Amino acid sequence: MKVEAVELRRVALELVAPFRTSFGTQTARDILLVRVVTNRGEGWGECVAFPDPGYSEEYVDGAHHVLRDFLAPRVIAASDVRAADLARVLGGVTGNPMAKAALELAVLDAELRADGVSLGTRLGAERRAVDCGVSVGMFPLAELLDHVDGYVADGYRRVKLKIEPGFDVEPVRAVRERHPDVRLQVDANAAYTVADADRLAALDPFDLLLIEQPLPSDDLLGHAEVARQIRTPICLDESITSARVTELAITLGACAIVNIKAGRLGGYLEAVGVHEVCVARGIPVWCGGMLETGIGRAANVALAALPGFTLPGDTSASDRYYARDVVSDPFVLDDGRLTVPTGPGLGVTVDLDFVESITTSVEILRP
Ligand code: SMG
Ligand code: MG
(Lines give C-alpha, C1' and ligand atoms only; values in the text may rest on other atoms or scores of the structure.)
(Ligands and ions follow the chains in the order given, each with its own letter.)
Protein backbone atom coordinates (compact mmCIF):
# COMPACT_ATOMS: atom_id res chain seq x y z
CA MET A 1 0.00 0.00 0.00
CA LYS A 2 1.32 3.44 -0.89
CA VAL A 3 0.55 6.30 1.49
CA GLU A 4 -0.07 9.34 -0.69
CA ALA A 5 -0.96 11.89 1.99
CA VAL A 6 -1.29 12.22 5.73
CA GLU A 7 -3.84 14.67 7.13
CA LEU A 8 -3.36 16.04 10.65
CA ARG A 9 -6.65 17.50 11.82
CA ARG A 10 -7.37 19.12 15.18
CA VAL A 11 -10.93 19.08 16.45
CA ALA A 12 -12.52 20.72 19.50
CA LEU A 13 -15.13 18.87 21.57
CA GLU A 14 -16.68 19.65 24.96
CA LEU A 15 -16.83 16.86 27.52
CA VAL A 16 -20.28 16.35 29.07
CA ALA A 17 -18.66 16.54 32.53
CA PRO A 18 -15.23 17.76 33.64
CA PHE A 19 -12.72 14.98 34.29
CA ARG A 20 -10.38 15.76 37.20
CA THR A 21 -7.42 13.54 37.98
CA SER A 22 -4.29 13.97 40.11
CA PHE A 23 -2.54 15.42 37.03
CA GLY A 24 -5.12 17.97 35.91
CA THR A 25 -8.67 18.57 34.69
CA GLN A 26 -10.00 17.96 31.18
CA THR A 27 -13.10 19.92 30.17
CA ALA A 28 -12.94 20.90 26.51
CA ARG A 29 -10.88 18.53 24.38
CA ASP A 30 -8.36 19.46 21.68
CA ILE A 31 -8.03 16.20 19.73
CA LEU A 32 -5.60 15.34 16.95
CA LEU A 33 -7.09 13.07 14.28
CA VAL A 34 -4.95 11.44 11.61
CA ARG A 35 -6.27 10.51 8.19
CA VAL A 36 -4.13 8.63 5.66
CA VAL A 37 -4.92 8.69 1.97
CA THR A 38 -3.51 5.65 0.17
CA ASN A 39 -3.69 4.08 -3.26
CA ARG A 40 -6.16 1.59 -1.71
CA GLY A 41 -8.41 4.07 0.10
CA GLU A 42 -8.44 6.08 3.32
CA GLY A 43 -8.07 5.33 7.01
CA TRP A 44 -8.53 7.20 10.30
CA GLY A 45 -6.63 7.25 13.57
CA GLU A 46 -6.86 9.26 16.79
CA CYS A 47 -4.02 10.53 18.92
CA VAL A 48 -4.77 10.21 22.64
CA ALA A 49 -2.28 12.85 23.85
CA PHE A 50 -3.78 15.54 26.11
CA PRO A 51 -2.88 19.25 25.91
CA ASP A 52 -0.43 18.96 28.84
CA PRO A 53 2.34 16.42 29.52
CA GLY A 54 0.62 15.30 32.75
CA TYR A 55 -0.42 11.69 32.17
CA SER A 56 2.91 11.02 30.45
CA GLU A 57 5.59 13.04 28.62
CA GLU A 58 3.48 13.35 25.48
CA TYR A 59 1.18 16.29 24.75
CA VAL A 60 -0.91 17.05 21.72
CA ASP A 61 1.20 19.85 20.20
CA GLY A 62 4.31 17.71 20.62
CA ALA A 63 2.64 14.68 19.05
CA HIS A 64 1.46 16.86 16.18
CA HIS A 65 5.02 18.13 15.65
CA VAL A 66 6.53 14.63 15.73
CA LEU A 67 3.92 13.34 13.32
CA ARG A 68 4.45 16.24 10.93
CA ASP A 69 8.25 16.37 10.97
CA PHE A 70 9.35 12.80 11.69
CA LEU A 71 6.70 10.09 11.44
CA ALA A 72 4.49 11.04 8.47
CA PRO A 73 7.51 11.80 6.22
CA ARG A 74 8.89 8.30 6.82
CA VAL A 75 5.58 6.67 5.95
CA ILE A 76 5.11 8.85 2.88
CA ALA A 77 8.66 8.09 1.71
CA ALA A 78 8.18 4.30 2.00
CA SER A 79 7.30 2.71 -1.34
CA ASP A 80 5.11 0.05 0.20
CA VAL A 81 3.65 0.21 3.73
CA ARG A 82 1.67 -2.30 5.70
CA ALA A 83 0.71 -1.76 9.33
CA ALA A 84 2.89 -4.71 10.34
CA ASP A 85 5.94 -2.89 8.89
CA LEU A 86 5.39 0.36 10.77
CA ALA A 87 7.50 -0.53 13.79
CA ARG A 88 10.44 -0.90 11.36
CA VAL A 89 9.56 2.14 9.22
CA LEU A 90 9.24 4.37 12.30
CA GLY A 91 12.05 2.62 14.19
CA GLY A 92 14.47 5.55 13.89
CA VAL A 93 12.14 7.69 16.01
CA THR A 94 12.34 6.87 19.72
CA GLY A 95 9.49 7.33 22.18
CA ASN A 96 6.35 9.24 21.16
CA PRO A 97 4.08 6.19 21.39
CA MET A 98 0.81 8.16 21.18
CA ALA A 99 1.88 9.83 17.94
CA LYS A 100 2.98 6.47 16.52
CA ALA A 101 -0.20 4.71 17.63
CA ALA A 102 -2.38 7.30 15.88
CA LEU A 103 -0.55 6.83 12.59
CA GLU A 104 -0.56 3.05 12.96
CA LEU A 105 -4.31 3.06 13.53
CA ALA A 106 -4.93 5.13 10.39
CA VAL A 107 -2.75 2.77 8.32
CA LEU A 108 -4.43 -0.29 9.86
CA ASP A 109 -7.88 1.16 9.13
CA ALA A 110 -7.00 1.89 5.48
CA GLU A 111 -5.42 -1.54 4.97
CA LEU A 112 -8.26 -3.46 6.62
CA ARG A 113 -10.99 -1.49 4.83
CA ALA A 114 -9.27 -2.32 1.53
CA ASP A 115 -8.96 -5.98 2.53
CA GLY A 116 -12.55 -6.14 3.83
CA VAL A 117 -11.41 -7.32 7.29
CA SER A 118 -12.52 -5.87 10.63
CA LEU A 119 -9.95 -4.61 13.14
CA GLY A 120 -11.35 -7.04 15.71
CA THR A 121 -10.68 -9.98 13.40
CA ARG A 122 -7.18 -8.64 12.63
CA LEU A 123 -6.30 -8.31 16.33
CA GLY A 124 -7.79 -11.67 17.38
CA ALA A 125 -11.10 -10.61 18.95
CA GLU A 126 -13.25 -13.49 20.16
CA ARG A 127 -16.26 -11.66 21.66
CA ARG A 128 -19.15 -9.90 19.98
CA ALA A 129 -19.62 -7.46 22.86
CA VAL A 130 -17.43 -6.28 25.74
CA ASP A 131 -18.20 -5.59 29.40
CA CYS A 132 -17.87 -1.90 30.17
CA GLY A 133 -16.77 0.02 33.19
CA VAL A 134 -16.76 3.76 33.74
CA SER A 135 -14.00 5.96 35.09
CA VAL A 136 -15.23 8.85 37.22
CA GLY A 137 -13.10 11.96 37.76
CA MET A 138 -12.68 13.59 41.16
CA PHE A 139 -15.61 15.71 42.36
CA PRO A 140 -16.75 17.03 45.74
CA LEU A 141 -18.22 14.02 47.53
CA ALA A 142 -21.95 14.70 47.05
CA GLU A 143 -21.44 15.33 43.34
CA LEU A 144 -19.25 12.24 43.00
CA LEU A 145 -21.99 10.09 44.52
CA ASP A 146 -24.55 11.57 42.12
CA HIS A 147 -22.35 10.72 39.14
CA VAL A 148 -21.72 7.19 40.40
CA ASP A 149 -25.45 6.65 41.04
CA GLY A 150 -26.16 7.71 37.46
CA TYR A 151 -23.55 5.39 35.95
CA VAL A 152 -24.68 2.43 38.05
CA ALA A 153 -28.26 3.12 36.93
CA ASP A 154 -27.01 3.22 33.32
CA GLY A 155 -25.79 -0.34 33.80
CA TYR A 156 -22.01 0.04 33.87
CA ARG A 157 -20.48 -3.20 35.10
CA ARG A 158 -17.69 -1.62 37.10
CA VAL A 159 -16.87 1.81 38.55
CA LYS A 160 -13.39 3.32 38.78
CA LEU A 161 -12.66 6.24 41.08
CA LYS A 162 -9.70 8.56 40.74
CA ILE A 163 -7.75 9.00 43.95
CA GLU A 164 -4.84 11.04 45.30
CA PRO A 165 -3.43 11.61 48.79
CA GLY A 166 -6.23 13.31 50.74
CA PHE A 167 -8.95 12.06 48.38
CA ASP A 168 -8.93 8.31 48.81
CA VAL A 169 -10.37 6.49 51.81
CA GLU A 170 -13.30 8.89 52.27
CA PRO A 171 -14.71 8.77 48.71
CA VAL A 172 -14.04 5.04 48.43
CA ARG A 173 -15.86 4.37 51.71
CA ALA A 174 -18.79 6.57 50.68
CA VAL A 175 -19.20 4.87 47.29
CA ARG A 176 -18.78 1.41 48.79
CA GLU A 177 -21.43 2.10 51.48
CA ARG A 178 -23.87 3.35 48.87
CA HIS A 179 -23.15 0.52 46.39
CA PRO A 180 -22.12 -2.55 48.40
CA ASP A 181 -22.12 -4.87 45.38
CA VAL A 182 -20.72 -2.74 42.58
CA ARG A 183 -17.38 -3.81 41.16
CA LEU A 184 -15.12 -0.98 42.28
CA GLN A 185 -11.50 -0.03 41.59
CA VAL A 186 -9.31 3.05 41.98
CA ASP A 187 -6.66 4.82 39.92
CA ALA A 188 -3.99 7.06 41.47
CA ASN A 189 -2.17 8.11 38.28
CA ALA A 190 1.16 7.85 40.11
CA ALA A 191 0.19 10.27 42.92
CA TYR A 192 1.68 8.25 45.82
CA THR A 193 5.15 7.08 46.81
CA VAL A 194 6.36 3.82 48.31
CA ALA A 195 6.27 5.56 51.72
CA ASP A 196 2.44 5.73 51.41
CA ALA A 197 2.00 1.94 51.61
CA ASP A 198 0.02 2.29 54.87
CA ARG A 199 -2.33 4.78 53.28
CA LEU A 200 -2.89 2.39 50.36
CA ALA A 201 -3.41 -0.52 52.77
CA ALA A 202 -6.24 1.52 54.32
CA LEU A 203 -8.18 0.81 51.11
CA ASP A 204 -8.02 -2.95 51.67
CA PRO A 205 -11.34 -3.20 53.59
CA PHE A 206 -13.37 -1.88 50.62
CA ASP A 207 -13.10 -4.98 48.45
CA LEU A 208 -11.57 -3.22 45.46
CA LEU A 209 -10.83 -5.15 42.28
CA LEU A 210 -7.49 -3.35 42.01
CA ILE A 211 -5.45 -0.23 42.67
CA GLU A 212 -4.15 1.22 39.42
CA GLN A 213 -0.72 2.85 39.17
CA PRO A 214 -0.24 4.12 42.72
CA LEU A 215 3.44 5.07 42.21
CA PRO A 216 5.51 6.83 39.52
CA SER A 217 5.81 4.98 36.24
CA ASP A 218 9.49 4.07 36.64
CA ASP A 219 9.09 2.68 40.17
CA LEU A 220 8.59 -1.02 39.45
CA LEU A 221 10.45 -2.09 42.60
CA GLY A 222 8.31 0.30 44.66
CA HIS A 223 5.15 -1.26 43.25
CA ALA A 224 6.52 -4.71 44.12
CA GLU A 225 7.20 -3.48 47.68
CA VAL A 226 3.69 -2.02 48.05
CA ALA A 227 2.22 -5.24 46.63
CA ARG A 228 3.80 -7.12 49.55
CA GLN A 229 2.19 -4.73 52.06
CA ILE A 230 -1.40 -4.53 50.82
CA ARG A 231 -4.08 -7.07 49.93
CA THR A 232 -5.70 -5.22 47.01
CA PRO A 233 -4.10 -6.30 43.70
CA ILE A 234 -1.91 -3.73 41.97
CA CYS A 235 -2.59 -2.96 38.31
CA LEU A 236 -0.11 -0.99 36.22
CA ASP A 237 -1.05 1.60 33.60
CA GLU A 238 1.61 4.32 33.00
CA SER A 239 4.48 1.86 33.72
CA ILE A 240 3.47 -0.53 30.94
CA THR A 241 5.24 0.90 27.90
CA SER A 242 6.03 -2.26 25.92
CA ALA A 243 5.66 -6.03 25.93
CA ARG A 244 9.23 -6.25 27.27
CA VAL A 245 8.50 -3.94 30.21
CA THR A 246 5.36 -5.98 30.89
CA GLU A 247 7.49 -9.13 31.27
CA LEU A 248 9.78 -7.24 33.62
CA ALA A 249 6.96 -5.82 35.75
CA ILE A 250 5.31 -9.23 36.13
CA THR A 251 8.63 -10.93 36.91
CA LEU A 252 9.40 -8.34 39.61
CA GLY A 253 5.96 -8.80 41.21
CA ALA A 254 5.09 -5.16 40.47
CA CYS A 255 1.60 -5.99 39.21
CA ALA A 256 -1.04 -8.70 39.31
CA ILE A 257 -3.22 -7.06 36.62
CA VAL A 258 -2.41 -4.94 33.55
CA ASN A 259 -4.26 -2.02 31.93
CA ILE A 260 -3.62 -2.15 28.16
CA LYS A 261 -3.75 1.15 26.26
CA ALA A 262 -2.57 1.23 22.67
CA GLY A 263 -1.59 4.91 22.80
CA ARG A 264 0.86 4.30 25.63
CA LEU A 265 2.32 1.30 23.79
CA GLY A 266 2.89 2.82 20.35
CA GLY A 267 -0.03 1.05 18.74
CA TYR A 268 -2.60 -1.73 18.68
CA LEU A 269 -0.12 -4.33 17.42
CA GLU A 270 2.16 -3.86 20.46
CA ALA A 271 -1.00 -3.92 22.60
CA VAL A 272 -1.70 -7.40 21.25
CA GLY A 273 1.88 -8.31 22.19
CA VAL A 274 1.27 -7.17 25.78
CA HIS A 275 -1.93 -9.21 25.81
CA GLU A 276 0.05 -12.28 24.72
CA VAL A 277 2.61 -11.81 27.48
CA CYS A 278 -0.11 -11.41 30.09
CA VAL A 279 -2.09 -14.44 28.93
CA ALA A 280 1.11 -16.54 28.99
CA ARG A 281 1.88 -15.36 32.54
CA GLY A 282 -1.70 -15.74 33.83
CA ILE A 283 -2.17 -11.98 34.36
CA PRO A 284 -5.71 -10.61 33.72
CA VAL A 285 -5.90 -7.50 31.52
CA TRP A 286 -8.48 -4.83 30.71
CA CYS A 287 -8.65 -2.06 28.16
CA GLY A 288 -7.83 1.45 29.35
CA GLY A 289 -9.27 4.65 27.94
CA MET A 290 -8.11 8.17 27.10
CA LEU A 291 -11.49 9.88 26.58
CA GLU A 292 -11.44 8.77 22.94
CA THR A 293 -13.93 9.78 20.30
CA GLY A 294 -15.72 7.05 18.35
CA ILE A 295 -12.57 6.54 16.25
CA GLY A 296 -10.29 5.47 19.07
CA ARG A 297 -13.22 3.90 20.91
CA ALA A 298 -13.98 1.57 17.99
CA ALA A 299 -10.40 0.32 18.14
CA ASN A 300 -10.46 -0.06 21.93
CA VAL A 301 -13.67 -2.06 21.84
CA ALA A 302 -12.14 -4.36 19.20
CA LEU A 303 -9.05 -4.84 21.38
CA ALA A 304 -11.14 -5.47 24.50
CA ALA A 305 -12.76 -8.41 22.71
CA LEU A 306 -9.53 -10.45 22.85
CA PRO A 307 -9.75 -13.45 25.17
CA GLY A 308 -7.37 -12.22 27.92
CA PHE A 309 -9.47 -9.08 28.58
CA THR A 310 -11.35 -10.64 31.46
CA LEU A 311 -12.10 -7.44 33.41
CA PRO A 312 -14.44 -4.61 32.30
CA GLY A 313 -12.57 -1.79 30.52
CA ASP A 314 -12.67 2.00 30.57
CA THR A 315 -14.61 1.60 27.33
CA SER A 316 -17.72 3.61 28.12
CA ALA A 317 -20.49 4.66 25.76
CA SER A 318 -20.07 7.75 23.55
CA ASP A 319 -22.61 9.71 25.59
CA ARG A 320 -20.55 9.36 28.77
CA TYR A 321 -18.04 11.70 27.10
CA TYR A 322 -19.61 13.73 24.30
CA ALA A 323 -23.07 15.06 23.45
CA ARG A 324 -22.29 14.18 19.84
CA ASP A 325 -19.59 11.76 18.71
CA VAL A 326 -17.49 12.16 15.56
CA VAL A 327 -18.86 8.91 14.11
CA SER A 328 -22.34 8.46 12.65
CA ASP A 329 -22.73 5.23 14.63
CA PRO A 330 -21.94 6.22 18.23
CA PHE A 331 -21.33 3.55 20.88
CA VAL A 332 -24.43 2.83 22.97
CA LEU A 333 -24.45 0.85 26.20
CA ASP A 334 -26.61 -2.28 26.04
CA ASP A 335 -26.90 -4.19 29.31
CA GLY A 336 -23.51 -2.82 30.40
CA ARG A 337 -21.82 -3.82 27.17
CA LEU A 338 -20.69 -2.27 23.89
CA THR A 339 -20.95 -4.18 20.64
CA VAL A 340 -17.71 -4.87 18.78
CA PRO A 341 -17.87 -3.35 15.28
CA THR A 342 -17.78 -5.98 12.54
CA GLY A 343 -17.43 -3.82 9.40
CA PRO A 344 -14.09 -3.48 7.59
CA GLY A 345 -11.35 -1.56 9.40
CA LEU A 346 -12.61 0.35 12.43
CA GLY A 347 -16.14 -0.52 11.37
CA VAL A 348 -17.47 2.98 12.11
CA THR A 349 -18.25 5.85 9.74
CA VAL A 350 -16.62 9.18 10.43
CA ASP A 351 -19.26 11.93 10.30
CA LEU A 352 -17.35 14.19 7.92
CA ASP A 353 -19.77 17.14 8.10
CA PHE A 354 -19.70 17.16 11.89
CA VAL A 355 -15.92 16.72 11.95
CA GLU A 356 -15.58 19.64 9.55
CA SER A 357 -17.77 21.78 11.81
CA ILE A 358 -15.56 21.20 14.88
CA THR A 359 -12.21 21.38 13.07
CA THR A 360 -9.79 24.03 14.32
CA SER A 361 -6.92 23.29 11.91
CA VAL A 362 -5.99 20.92 9.07
CA GLU A 363 -2.58 20.17 7.69
CA ILE A 364 -2.08 17.88 4.69
CA LEU A 365 1.35 16.34 4.19
CA ARG A 366 2.34 14.98 0.78
CA PRO A 367 5.60 13.76 -0.79
O1 SMG B 1 -11.56 7.07 28.60
O2 SMG B 1 -13.02 6.76 30.16
C3 SMG B 1 -11.92 7.12 29.76
C4 SMG B 1 -10.94 7.63 30.79
C5 SMG B 1 -10.33 6.53 31.56
O6 SMG B 1 -9.44 7.11 33.67
C7 SMG B 1 -9.24 6.99 32.49
N8 SMG B 1 -8.05 7.25 31.93
O9 SMG B 1 -5.09 6.84 33.83
O10 SMG B 1 -6.49 5.41 33.16
C11 SMG B 1 -6.13 6.57 33.23
C12 SMG B 1 -6.93 7.71 32.69
C13 SMG B 1 -6.11 8.62 31.86
C14 SMG B 1 -6.86 9.77 31.32
S15 SMG B 1 -7.63 10.74 32.50
C16 SMG B 1 -8.12 12.16 31.75
MG1 MG C 1 -4.86 4.89 34.67
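You'll find the structure just up there.
Residues numbered from 1 in each chain as written. Chains lettered and ligands numbered in written order. Predicted model: local features only at pLDDT ≥ 70, side-chain atom pairs only at ≥ 80, totals over all residues. Heavy atoms only, no water.

1. Let's talk about the overall build of the protein
When its secondary structure is counted, the protein shows 13 helices and 13 strands. Across its three principal axes, the protein shows a C-alpha extent of roughly 60 × 40 × 35 Å. A burial count over the protein gives 58% of its 367 residues as buried. Across the protein, contacts joining residues at least 24 apart in sequence account for 73% of those joining residues at least 6 apart. In the structure as shown, the protein presents an accessible area of about 14,000 Å², 50% of it carried by carbon and sulfur atoms. (Helix = DSSP H or I, 4+ residues; strand = E, 2+ residues; numbered from the N terminus. Buried < 20%, exposed > 50% of the residue type's maximum accessible area, 1.4 Å probe, protein only. Contact = heavy atoms within 4.5 Å. Areas by Shrake-Rupley, 256 points an atom, 1.4 Å probe, with all protein chains shown as cover.)

2. Topic: the site of ligand 1
Residues in close proximity to ligand 1 total 19 residues, the closest being Ser135, Lys160, Asn189, Leu291 and Tyr321. One of the side-chain nitrogen or oxygen atoms of Asp187 is found 3.0 Å away from an oxygen atom of ligand 1. The contact in question runs from an oxygen atom of ligand 1 to an N or O atom on the backbone of Leu291, over 2.8 Å. Calculation on ligand 1 without its partners gives an accessible area of 430 Å², and the protein chains cover 100% of this total. Put simply, the parts of the chain that give the shell around ligand 1 at least two residues each are β1 (3-21) and β6 (159-162). A class-by-class count of the residues in the shell around ligand 1 yields 7 nonpolar, 5 polar and 7 charged. (Near = heavy atom within 4 Å. Polar contact = N/O pair within 3.5 Å; in protein donor to acceptor, adjacent residues only side chain to side chain. Nonpolar A, V, L, I, M, F, W, Y, C, P; charged D, E, K, R; others polar.)

3. Describing the coordination of the magnesium ion (ligand 2)
Ligation of the magnesium ion (ligand 2) by protein atoms is provided by Asp187 (OD), Glu212 (OE) and Asp237 (OD), these donors lying 2.1 to 2.3 Å from the ion. Of note, the donors binding the magnesium ion (ligand 2) are all from one chain and are spaced D-x24-E-x24-D. Of this pair, Asp187 sits in strand β7 (residues 184-187) while Asp237 is found in the loop between β9 (234-236) and α9 (243-252), placing the two residues 50 residues apart along the sequence. Of the residues examined, Asp187 reaches a relative accessible area of 1% and is grouped as buried. Classification of Asp237 as buried rests on a relative accessible area of 0%. (Donors = N, O, S within 2.8 Å, 3.2 Å for Na, K, Ca; no water.)

4. Here's the deal with the packing of α9 against helix α11 (residues 268-281)
Between α9 and α11, whose axes approach to 8 Å, the crossing angle comes to 25°. Taken together, the axis directions place α9 and α11 in an arrangement best described as roughly parallel. Relative to α11, α9 is oriented so that their crossing is right-handed. Between α9 and α11, the residues in contact are Ala243, Thr246, Glu247, Ile250 and Thr251 and Glu270, Gly273, Val274, Val277, Cys278 and Arg281, respectively. Of the residues that constitute the contact of α9 with α11, the class distribution is 5 nonpolar, 3 polar and 3 charged. (Axes fitted to C-alpha atoms, helices over the stretch in contact; angles between N-to-C directions. Parallel < 35°, antiparallel > 145°, perpendicular 65-115°, else oblique. Left-handed = near helix turned anticlockwise from the far one by under 90°.)

5. Overview of unusual backbone geometry
Of note, Asn96 is a non-glycine position whose phi angle comes to about 55°, a positive value. The residue Asn96 is located in the loop between α2 (86-89) and α3 (97-115) in this model. The backbone of Asn189 shows a phi angle near 45°, a positive value even though the residue is not glycine. Position of Asn189 among the secondary structure elements: in the loop between β7 and α7 (197-201). Of the residues examined, Asn189 reaches a relative accessible area of 9% and is grouped as buried.

6. Remarks on the packing of aromatic side chains
This model, assessed by the stated rule, comprises 4 aromatic pairs. Ring plane angle 80° and centroid distance 5.9 Å describe the contact between Tyr151 and Tyr156, whose orientation is recorded as edge-to-face. Taken together, the ring pairs connect Phe23, Phe50 and Tyr55 into an aromatic cluster. Here the basic side chain of Arg158 rests over the ring of Trp286, its NZ or CZ set 5.0 Å away from the ring centre. When the ring centre of Tyr321 is taken as origin, the NZ or CZ atom of Arg320, which lies over that ring, is 5.0 Å away. (Phe/Tyr/Trp six-rings, centres within 6.5 Å; stacked < 30°, edge-to-face > 60°. Lys NZ or Arg CZ within 6 Å of the ring centre and 35° of its normal.)

7. A few points about the environment of Glu4
Structurally, the position occupied by Glu4 is in strand β1. Relative accessible area serves as the criterion here: at 37%, Glu4 is assigned to the partly exposed category. Spatially, the C-alpha atoms of Glu4 and Glu42 are 9.8 Å apart, while their sequence positions differ by 38 residues. Every residue in contact with Glu4, bar those within four places of it in the chain, is listed here: Val37, Thr38, Asn39, Leu365, Arg366 and Pro367.

8. Comments concerning a nonpolar patch on the surface
A grouping of Leu221, Leu248 and Leu252 is seen on the molecular surface, where their side chains present a nonpolar patch of about 270 Å² in accessible area. Mapped onto the elements of the fold, Leu252 is located in helix α9. (Patch = residues over 30% accessible without salt bridge, like charges linked within 9 Å, V, L, I, M, F, W, Y side chains within 5 Å. Salt bridge = Lys/Arg side-chain N within 4 Å of Asp/Glu carboxyl O.)

9. Topic: the pattern of salt bridges
Any two side chains of opposite charge can pair, so long as their charged atoms come close to each other. Using the criterion set out here, one finds 29 salt bridges in the structure. Of the charged contacts, one joins Arg10 and Asp30 as a salt bridge, the two residues approaching to 2.8 Å between their closest N and O atoms. Here Arg10 is found in strand β1, whereas its partner Asp30 is found in strand β2 (residues 24-38), with 20 residues between them in sequence. Owing to a relative accessible area of 8%, Arg10 belongs among the buried residues under this scheme.

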